[in-house]
Amino acid sequence: MKKLLLTVMAFVGVVSMNAQIATVESVTPLLKGVESEMYNPVLSADGSRLLFSNCNYAGLRMYDFNDNVVTKVSTEARAGFDATFSPDGNEIYFVTQTRDGNRNLRQVKKYDIASRETIELTRQGRVVGRPVATTKGFATTIDGQLVATDSKTTRVRTEGTQLFVSKNGVEKAYTPIEGSVGYIWASLSPDGNKVMFFAAGFGIVITDLNGKVLSTPGNYEAPVWYGNNHIVAMNATNDGHNYRSSQIVLLTADGSQKQELTKPESMTMNPTASIAAGKIVYATIDGRLYQMNIKLK
């Protein structure tokens, strides 16, 4: 396919810096004085449950907003790195890591919230992809091989400077952005029609399922979908070692509008979002979690 060579972020110049895309209705600290070292939040699709972990991704915990209860899911290393809920929010899929001599070995596990049982879903492997949960099961890759109970589901992943899109059991590789040193944070839009990822050196990229670039909303990190037409992301600066500033922003997926939801000096980062609940949750650099309720205009 024809490749797109970008030397500048074409859409950045047209972003409205002070656009009001949504109304911020409330901002509330979560689990203040109850839990500590809370990072890497992940909301369920309906916004009723929240995963979080330590700064090093260990100590995976789940907060139930309805019951106001925190449950320990796993104490294993890296459990919070690729953790995700099933579509109905009743199961948690995560990847653990153990050390075998000089090797790191990883394994996909599932936690059933009702029974509180943890099940090993895969063998251990060196390179394990982020599990994708569907209503029919899950899919992942272990050392390049597909392991799935639902192999037909559409899913996306990145490896180096390639974007991989799987449809109907067939995976194809694309390079939508040349000149980047790597792609990360790949995700599928809720309607399954668009792919979003971050290209280092360029920023957020949105493509169709055939790798065609649809928009480049800006050079922001850790993007997550807020519905099919909006994105919540992190706008951060650093000196190569430490963060100097970090804020949460709301963007339109076409890159035409941007709204700052927090201030740069707030050191807020790693957002997660649920449009069904009108809710965004983010962490601060000192390990606190906040819930922001917004309403799109």
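Our subject in this report is the structure included herewith. Computed from a prediction, not measured in an experiment: that's the story for all the values here.

Looking at the overall build of the protein chain
Thought 1: Counting its secondary structure elements, the protein chain contains zero helices and 28 strands.
Thought 2: Taken over C-alpha atoms, the radius of gyration comes to 19 Å for the protein chain, in line with the 19 Å a tight globule of 297 residues would show.
Thought 3: When the backbone C-alpha atoms are referred to their principal axes, the protein chain occupies close to 50 × 50 × 35 Å.
Thought 4: Taken over 297 residues, the protein chain has a buried fraction of 51%.
Thought 5: If you take every contact in the protein chain between residues at least 6 apart in sequence, the share linking residues at least 24 apart comes to 38%.
Thought 6: With 31 positive and 27 negative side-chain charges, the protein chain shows a spacing of 4 Å between the two charge centroids.

A few points about the environment of N68
Thought 1: Position of N68 relative to the elements: it lies in the loop between β5 (60–64) and β6 (69–74).
Thought 2: For N68, a relative accessible area of 53% puts it in the exposed group.
Thought 3: Each C-alpha atom of the pair N68 and L31 lies 8.9 Å from the other, and the pair is 37 residues apart in sequence.
Thought 4: Of the polar contacts made by the side chain of N68, one reaches the side chain of Y63; its length is 2.6 Å.

Notes on the pairing of strand β14 (residues 155–159)
Thought 1: One ladder, built from five bridges, connects β14 with strand β15 (residues 162–167); its direction is antiparallel. By the bridge assignment, E159 is partnered in β15 with Q162.

Quick notes on the packing of aromatic side chains
Thought 1: Taken as a whole and assessed by the stated rule, the structure comprises six aromatic pairs.
Thought 2: When the centroid spacing of 5.2 Å and the interplanar angle of 70 degrees are considered together, the rings of W185 and F198 count as edge-to-face. Here F198 lies in strand β19 (residues 195–199) and W185 lies in strand β18 (residues 183–188), a separation of 13 residues in the sequence.
Thought 3: For the pair Y282 and Y290, a centre-to-centre distance of 6.0 Å together with 15 degrees between the ring planes defines the contact as stacked.
Thought 4: On the basis of relative accessible area, Y282 is assigned to the buried category, the value being 4%.
Thought 5: Over the face of the ring belonging to F65 we find K279, whose NZ or CZ atom lies 3.6 Å from the ring centre.

Brief notes about the sheet that holds strand β7 (residues 84–85)
Thought 1: The strand order across the open sheet built from four strands is β7-β8-β9-β10, with neighbouring strands paired in antiparallel fashion. Here the strands that pair on one side only, and so sit at the sheet edges, are β7 and β10 (117–120).
Thought 2: Bridge analysis of β7 against strand β8 (residues 91–100) gives two bridges, and the strand direction is antiparallel. Looking at β8, one finds that F85 is bridged to I92.

Conventions adopted
Residues numbered from 1 in each chain as written. Predicted model: local features only at pLDDT ≥ 70, side-chain atom pairs only at ≥ 80, totals over all residues. Heavy atoms only, no water. Helix = DSSP H or I, 4+ residues; strand = E, 2+ residues; numbered from the N terminus. Rg over C-alpha atoms; globule rule 2.2 N^0.38 Å. Buried < 20%, exposed > 50% of the residue type's maximum accessible area, 1.4 Å probe, protein only. Contact = heavy atoms within 4.5 Å. Lys, Arg positive; Asp, Glu negative; His and termini not counted. Charge placed at Lys NZ, Arg CZ, Asp CG, Glu CD. Polar contact = N/O pair within 3.5 Å; in protein donor to acceptor, adjacent residues only side chain to side chain. Pairing = 2+ DSSP bridges. Phe/Tyr/Trp six-rings, centres within 6.5 Å; stacked < 30°, edge-to-face > 60°. Lys NZ or Arg CZ within 6 Å of the ring centre and 35° of its normal.

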